[in-house]
Amino acid sequence: GENVEQHPSTLSVQEGDSAVIKCTYSDSASNYFPWYKQELGKRPQLIIDIRSNVGEKKDQRIAVTLNKTAKHFSLHITETQPEDSAVYFCAARLGRGANNLFFGTGTRLTVIP
Amino acid sequence: GAVVSQHPSWVICKSGTSVKIECRSLDFQATTMFWYRQFPKQSLMLMATSNEGSKATYEQGVEKDKFLINHASLTLSTLTVTSAHPEDSSFYICSAYDRVGHTEAFFGQGTRLTVV
């Protein structure tokens, strides 16, 4: 199966600064990479995703970059706000007809007002 | 986006009893549903893949006789934790894909199981 590693495990930034979370994956057949935000005791919410045929995708303050050669992808949050504080998970999904997601270990982001 | 409803949202049960958790896709048909387990401050670990009309596929290390999965219809999958023990206490979350094969996985709200 796929192995997804995520760093850092915790991240604290000042409000207004940028936050970057990085993930690597092991299987070059993976073709879909979503990012989820999870608040305590709640379901993961998709915040952005990227397919393997795209190198970068942006949605307002959130962007994701993908380097297929190096097998890593990153989440960038600009102009962070206190409500961005949560746990963020990256994930990867294999192609070849598989639908299950392999999750990273999570990053607890704290935005300090 | 599509809606996946999970019930109950929390449950407390005694050791040795069984608990059933339901996962329903409310506005789409889900040929495949996934069951995850999440321990405090940890990631989501895939337990099993539930396919409508066939046996579930379990991940390595997950006891199929303990975690019974039934996916009898295109909108409902159930996870039954049998003979529950305190170490089974965890947050269980399901996710589903619609039949058309949308890319995004939709998650249920999760079930917090506490076994006393």
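The preceding data block contains the structure.
Now for a quick tour of the structure. (Residues numbered from 1 in each chain as written. Chains lettered and ligands numbered in written order. Predicted model: local features only at pLDDT ≥ 70, side-chain atom pairs only at ≥ 80, totals over all residues. Heavy atoms only, no water.)

Notes on the packing of aromatic side chains
- Within the structure shown, the criterion is met by twelve aromatic pairs over all chains.
- Plain terms: the ring middles of Tyr36(A) and Phe103(A) are 5.8 Å apart, the flat faces sit at 50 degrees to each other, and that makes the pair tilted. Of the two residues, Tyr36(A) is situated in strand S4 (residues 30-38) and Phe103(A) in strand S10 (residues 101-103); the sequence distance between them amounts to 67 residues.
- The class of Tyr36(A) is buried, set by a relative accessible area of 0%.
- For Phe103(A), a relative accessible area of 10% corresponds to the buried category.
- Where Phe103(A) meets Tyr36(B), the ring centres are 5.4 Å apart and the plane angle is 90 degrees; that geometry is what we call edge-to-face. Of the two residues, Phe103(A) is situated in strand S10 and Tyr36(B) in strand S4 (residues 32-38); the pairing between them involves two chains.
- Look at Tyr36(B) and you get buried, because its relative accessible area is 1%. (Phe/Tyr/Trp six-rings, centres within 6.5 Å; stacked < 30°, edge-to-face > 60°. Helix = DSSP H or I, 4+ residues; strand = E, 2+ residues; numbered from the N terminus. Buried < 20%, exposed > 50% of the residue type's maximum accessible area, 1.4 Å probe, protein only.)

Section: the sheet that holds strand S6 (residues 56-59) of chain A
Residue and element names in this part refer to chain A.
- Strand order in the open sheet formed by five strands is S1-S3-S8-S7-S6, with antiparallel pairing between adjacent strands. Of all the strands in the sheet, just strand S1 (4-7) and S6 have a single pairing partner and so form its edges. Direction aside, the axes of adjacent strands within the sheet are offset by 15 degrees on average. (Pairing = 2+ DSSP bridges. Axes fitted to C-alpha atoms, helices over the stretch in contact; angles between N-to-C directions.)

A word on the environment of Lys66(B)
All names here are of chain B.
- As for its placement among the helices and strands, lysine 66 is situated in the loop between strand S6 (57-58) and strand S7 (67-73).
- Between the alpha carbons of lysine 66 and threonine 82 there is a distance of 5.1 Å; along the sequence they are 16 residues apart.
- Each residue touching lysine 66, except ones within four places of it in the same chain, is listed here: Thr80, Val81, Thr82, Ser83, Ala84, His85 and Asp88.
- Of the polar contacts made by the side chain of lysine 66, one reaches the backbone oxygen of serine 83; its length is 2.9 Å. (Contact = heavy atoms within 4.5 Å. Polar contact = N/O pair within 3.5 Å; in protein donor to acceptor, adjacent residues only side chain to side chain.)

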